[in-house]
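# Fold and geometry: a report
Each chain is listed here by its residues.
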Amino acid sequence: MTKIEKNIEIDANFPNYRLKISDDSPARDKAIRDPERTSAAILAAATREFAENGYGGARINEIAARADVNKRMLYHYYGGKDALYLAVLESTYVGIRSAEVNLHLTDRDPVDAIRELARFTWQYFLDHPEFLSIISTENLLKAKFLKQCPGITEKHSPLIATITEVLERGHRAGHFRAGADAVQIYLSIAALGYYYLSNHYTTSIIFNRDMVKPEELQRWGTHIADMIVSSLRP
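Please read these numbers as outputs of a predicted model, since none were measured by experiment.

## Considerations on the overall build of the protein
Helix and strand counts for the protein come out as 12 helices and 0 strands. Going from the N terminus to the C terminus, the protein shows its helices and strands as α-α-α-α-α-α-α-α-α-α-α-α. Relative to its 234 residues, the protein shows a buried fraction of 45%. Within the protein, counting contacts between residues at least 6 apart in sequence, those at least 24 apart form 69% of the total. When the accessible area of the protein is evaluated, it comes to approximately 12500 Å², of which 54% is carbon and sulfur surface.

Now the structure itself:
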């Protein structure tokens, strides 16, 4: 079993919360006393359900069962399928944006910063297959729910500002060409990772190569970083 397949099957990023909630049980009282844990359990369960079955195939009953809560508790916290999916979508983006902050790209040498962003993005895709699934689902929906996310553009602005600053420093130091666009650079990084993983079943057959063997995944991550840095040279 490949690394990415293991991630999808085992899904270690979403622990199995066991709250044992029923209408008149002590566990229900515990859930009420611990709303953050209950909310997190529901969100984690919903993420798994939407990632595996898409928006149309996801079922509230299944989400409640995964979180081990009753439907009334789920509706109390999130208000229904649409609101729950929207919360999952927002959480999906917040997760990667929050992790990127820890890279401290503005403190790095410009070339190293771009390489690190490329390596990080690729590894994040590998470690979080649910991220690609949720984003694919939302694209099939033509960003219907993303349009409802308050301040979604502002949530991504810090990343673009950071990349812009790195590109400008790299240009002043003579490492990068003038006029490189931060959005294009990020989209190139994401596209090289996304296409590889979303099409690995077919490309493995077409090219007679196991595209998700650990060594192939490592090689592709290096290839992404090399390509992006090469594209920025003067």
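## Section: the confidence of the model for the protein
Looking at the protein, the pLDDT average stands at 87 and 86% of residues meet or exceed 70. At the low end of the mean pLDDT range in the protein sits helix α1 (residues 3-10), at 34; at the high end sits helix α7 (residues 110-127), at 98. Every residue in residues 1-31 scores below 50 in pLDDT, and together they form 65 contacts with partners more than four places removed in sequence or on other chains.

## Focus: unusual backbone geometry
Despite not being glycine, Asp68 shows a phi value in the positive range, around 60°. Residue placement: Asp68 occurs in the loop between α4 (60-67) and α5 (71-78). Judged by its relative accessible area of 17%, Asp68 falls in the buried class. Positive phi outside glycine occurs at Lys142, with the angle close to 60°.

## Here we look at the pattern of salt bridges
Enumeration over the complete set of coordinates arrives at 11 salt bridges. The salt bridge partner of Asp112 is Arg108, with a shortest N-O separation of 3.0 Å. Classification of Asp112 by relative accessible area gives partly exposed; the value is 29%. Salt bridges linked by common partners bring Arg108, Asp112, Glu116 and Arg119 together as one network.

Calculation criteria
- Residues numbered from 1 in each chain as written.
- Predicted model: local features only at pLDDT ≥ 70, side-chain atom pairs only at ≥ 80, totals over all residues.
- Heavy atoms only, no water.
- Helix = DSSP H or I, 4+ residues; strand = E, 2+ residues; numbered from the N terminus.
- Buried < 20%, exposed > 50% of the residue type's maximum accessible area, 1.4 Å probe, protein only.
- Contact = heavy atoms within 4.5 Å.
- Areas by Shrake-Rupley, 256 points an atom, 1.4 Å probe, with all protein chains shown as cover.
- pLDDT = per-residue confidence, 0-100.
- Salt bridge = Lys/Arg side-chain N within 4 Å of Asp/Glu carboxyl O.

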